[in-house]
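# Commentary on secondary and tertiary structure
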Amino acid sequence: MTMRTLFTIPVIALIAVSSLTAQPAPPDLILSNGKIITVDERFTIAQAVAIRGNRIVAVGANAEIASLAGPNTRTVDLRGRAVIPGLIDNHMHLLRAAATWTKELRFEGVISRKQAADMLRARAKAAGPGGWVYNIGGWTHQQFADDPRPFTREELDQLAPDNPVALQESYYQVFLNSRALQTLGIQANTPDPPEFVKGTIQRDAGGKPTGIIRGDIAATRPVAAKLPKVASGELEAATTEMIKDMNRAGLTSVGVPGCSADVLEILEKWKTQERLGIRIFCIEGAAPGSPEQVDRALGQIGKMKLFQGDSFIDTVFYGESVYGPLHDPMFALKSNPTPDQLEIWRRMAMEIAKDGLPLHVHAELHDTIDAFLDQIDAVNKEHPIKGLRWTLAHINQINAAQLDRMKRLGMYAAVHPWAVINGAIMHEGFGDGAYDMPPLRDLQNSGIMWGFGTDGTAANQTLPFQTLSFAVTGEMVGGRKVLRQTISREDALIAHTRKNAYFVFQEDNLGSIQPGKLADLVVLDRDYLTVPSAEIKDIKPVMMLVGGRFVYGTP
Ligand SMILES: [Zn+2]
């Protein structure tokens, strides 16, 4: 008894003392002497940030943060550099791209035709005679400011006479050389391959294929499907390179429609090994394309498991397609959703609402958006969607009245400016109306919750600073002014960080540099807020932390 009493008393005393002098453990890491663009609600600018484990513990002035340091705290002098929260892309088809990423000749950030030609020659040499040289979207010939013309078959023949070449511009068209036409079985006098959409193989007056395949996703996809993918044994290495490229561009989190299982498995493995350098939030759904498939899909919706509570990999939305026939083609000018199709769409949406699932749905053309909103109005009367963050995605054509309807329904807007690479095509199709696509100022003024994504890696390019540049200057890649409704740098950055955190259901963890949030930060080579607007697109990260760990650049 005595022993026990003696033993107990000092323990109680110790607890009392420690709670009286409670000092939080010192931070592991301090970044000081920088320009910390916190993107908090007041858009505070600070000098230093303290990190313990994977979270931010303090943000403030240099002296104040330095006073928190302990003997084991590592301090990094930022030497005046600007720091922003990790950038989030709320909609990029990223995992699918791993299967081709290292085989693709990606043209993001390539602004001269000469550079593109040099890259193509080098790739052909590396591939050896007969090896494919290709890319699957993410670029446009207008980005080559020195010579913004489409590629010709002859030009590609000269650059790579011994290799099949296929260069896909967004989902608009593919440029092929002679070897590629031959390899794909497209000859002057032979019939079109059966899987090719009739009329999409462009031919000259003599009937000879010009090397251009044109006709939206239905025409470009059959070509892409024939291109070689990385071997399954190389998928992990390709995924490594792809994620590195995303970090290099400033991205720390991505909303991903259709998370490919094989790539997801690799990322899960890295997560358990604590070496995953990007956060992935999947958007998943059955994507039925016919009434029969809808019957099957309806039974599956209720079984979907969203929100496992993980801040590195999680599934957060149903999407991005509700019913295939109402999935607007990218380059269509007008849609005509029929009552039958809309009735099916509503049955699906009703089930999604009934099961309490968030919805992230592809919606682009004006009439489609109106029709979807009519259905959502009806769904909302039976199963209120407030709080479910139902989101219309892409919405380059949305107008002020539609935004108002969305806002009243408590909906969100995931904005993917296709014009960053497709601006010239959109102006050709929509005339001056394209200057308001997307209506960024209307979105900003409406007060709706909205955030940026790209819809890369094929439909659009993937670089967030290119998107921010477009939002601020209205210029597409290559410099042509295609958007009238520009917004401030601050509002653009907020839409790519703090507001986007809502689109991955991580607003308590991500999107700003504040105590308590996960330490996802990007140190930049120049100051986003003061650099001339023409240079925003050229900003490069020099260091990046994800969850308090350096994943890119070394201090
Ligand atoms: Zn889409």
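Residues numbered from 1 in each chain as written. Predicted model: local features only at pLDDT ≥ 70, side-chain atom pairs only at ≥ 80, totals over all residues. Heavy atoms only, no water.

## As for the sheet that holds strand β23 (residues 549-552)
Here 6 strands make up an open sheet; going across it, the order is β3-β2-β7-β21-β22-β23 and the pairing mixed. Looking at the sheet topology across the chains shown, the edges are occupied by β3 (45-46) and β23. Summarising the sheet, strand β2 (residues 35-37) and strand β7 (residues 82-85) pair through 2 bridges and their orientation is parallel. Bridge pairing in β7 places Lys-35 opposite Ala-82. Helix-sheet contacts for helix α8 (residues 235-249) involve β22 (541-546) and β23, and the interaxial angle to β22 is about 110°. (Pairing = 2+ DSSP bridges. Helix = DSSP H or I, 4+ residues; strand = E, 2+ residues; numbered from the N terminus. Contact = heavy atoms within 4.5 Å. Axes fitted to C-alpha atoms, helices over the stretch in contact; angles between N-to-C directions.)

## A short note on the coordination of the zinc ion
Bound to the zinc ion on the protein side are Glu-320 (OE), His-362 (ND1) and His-394 (NE2), at distances that span 2.0 to 2.3 Å. On the primary sequence, the residues serving as donors to the zinc ion are separated as E-x41-H-x31-H. Here His-362 lies in strand β17 (residues 359-363) and Glu-320 lies in strand β16 (residues 313-320), a separation of 42 residues in the sequence. A relative accessible area of 7% means that His-362 is categorised as buried. (Donors = N, O, S within 2.8 Å, 3.2 Å for Na, K, Ca; no water. Buried < 20%, exposed > 50% of the residue type's maximum accessible area, 1.4 Å probe, protein only.)

## Examining the pattern of salt bridges
Evaluated as defined, the whole model comprises 31 salt bridges. The partner of Asp-192 in a salt bridge is Arg-203, and the shortest N-O contact between them spans 2.5 Å. Remark: Arg-203 occurs in strand β12 (residues 201-203) and Asp-192 occurs in the loop between α6 (178-183) and β12; sequence separation between them is 11 residues. Residue Asp-192 is classed as buried on the basis of its relative accessible area of 19%. The closest approach of N and O atoms between Glu-507 and Arg-389, which form a salt bridge, is 2.5 Å. Of this pair, Glu-507 sits in the loop between α18 (498-503) and β21 (521-524) while Arg-389 sits in the loop between α12 (366-382) and β18 (391-394), and the two are 118 residues apart along the sequence. Note on Glu-507: relative accessible area 19%, which makes it buried. Three or more residues joined by partner-sharing salt bridges are found here, namely Arg-113, Asp-147, Arg-149 and Glu-155. (Salt bridge = Lys/Arg side-chain N within 4 Å of Asp/Glu carboxyl O.)

## Brief notes about the pairing of strand β15 (residues 279-284)
Judged by how many residues are buried, β15 sits mostly within the fold: 5 of 6 residues are covered. Of the pairings in the sheet, the one linking strand β14 (residues 251-257) to β15 comprises 5 bridges and is parallel in character. Counterpart to Val-256 in the pairing with β15 is Cys-282. Each parallel crossover has a hand, and for β14 linked through helix α9 (residues 261-272) to β15 it is right-handed. Of the strand pairs in this sheet, β15 and β16 are connected by 5 bridges, and their pairing is parallel. Along β16, the bridge assignment pairs Ile-283 with Phe-317. (Right-handed = clockwise from strand over helix to strand, strands pointing away.)

## Thoughts on empty space enclosed by the protein
Scanning all chains against the criterion turns up 2 cavities of 30 Å³ or more. Around the largest cavity, the lining residues are Phe-107, Glu-108, Gly-109, Val-110, Ile-111, Gly-138, Trp-139, Gln-143, Ile-421, Gln-461, Gln-466 and Val-477. Partitioned by chemical class, the residues of the lining of the largest cavity number 6 nonpolar, 5 polar and 1 charged. Classifying every residue of the lining of the second largest cavity gives 8 nonpolar, 2 polar and 1 charged. (1 Å grid on protein atoms, 1.4 Å probe; cavity = no way out; pocket = protein on both sides within 12 Å on 5 of 7 lines; lining within 4 Å. Points joined across faces, edges and corners; volume = space filled by probe spheres on them. Nonpolar A, V, L, I, M, F, W, Y, C, P; charged D, E, K, R; others polar.)

## Side note on the packing of helix α10 (residues 291-301) against helix α11 (residues 339-354)
Across the interface, α10 lies against α11 with an axial gap of 9 Å and an inter-helix angle of 10°. As far as their axial angle goes, α11 and α10 are roughly parallel. Of α11, the residues touching α10 (which contributes Pro-291, Val-294, Asp-295, Ala-297, Leu-298 and Ile-301) are Ile-344, Arg-347, Met-348, Glu-351 and Ile-352. Among the residues making up the contact of α10 with α11, the classes are represented as 8 nonpolar, no polar and 3 charged. (Parallel < 35°, antiparallel > 145°, perpendicular 65-115°, else oblique.)

## Brief notes about the packing of aromatic side chains
Inspection of every chain in the model, using the stated rule, returns 14 aromatic pairs. Their ring planes at 65° and their centres at 4.8 Å tell us that Phe-307 and Phe-505 sit as a pair that is edge-to-face. On the criterion of sequence distance, the pair formed by Phe-307 in the loop between α10 and β16 and Phe-505 in the loop between α18 and β21 is long-range, its members being 198 residues apart. Given the relative accessible area of 37%, Phe-307 is considered partly exposed. Considering the side-chain rings of Phe-317 and Phe-505, the 5.2 Å spacing of their centres and the 65° angle between planes classify their relative orientation as edge-to-face. With Phe-317 in strand β16 and Phe-505 in the loop between α18 and β21, this residue pair connects regions lying 188 residues apart in the sequence. Aromatic rings pair up to connect Phe-107, Trp-139, Phe-144, Phe-151 and Phe-175 into one cluster. Of note, Arg-113 hangs over the ring of Phe-151, and the distance from its end group to the ring centre comes to 4.6 Å. The aromatic ring of Phe-312 is capped on one face by Arg-279, whose charged end is 4.3 Å from the ring centroid. (Phe/Tyr/Trp six-rings, centres within 6.5 Å; stacked < 30°, edge-to-face > 60°. Lys NZ or Arg CZ within 6 Å of the ring centre and 35° of its normal.)

## As for the nonpolar core
Side chains of nonpolar character tend, in soluble globular proteins, to be buried together. Core analysis: the biggest nonpolar cluster contains 132 residues, and Leu-94, Leu-176, Trp-390, Trp-450 and Tyr-528 have the highest contact counts within it. Core analysis: the next-biggest nonpolar cluster, separate from the first, contains 18 residues, Phe-107, Val-110, Leu-159 and Ala-160 among them. (Core = buried A, V, L, I, M, F, W, Y, C linked by side-chain atoms within 4.5 Å.)

## Overview of the sheet that holds β18
The sheet built from 8 strands is open, its strands ordered β8-β14-β15-β16-β17-β18-β19-β20 with parallel pairing. Each edge of the sheet is formed by a strand with only one pairing partner; in this case those strands are β8 (87-89) and β20 (449-452). Averaged over all pairs of adjacent strands, the angle between strand axes in this sheet comes to 25°, irrespective of strand direction. The sheet contact formed by β17 and β18 spans 4 bridges and is parallel. Bridged to His-360 within β18 is Thr-391.

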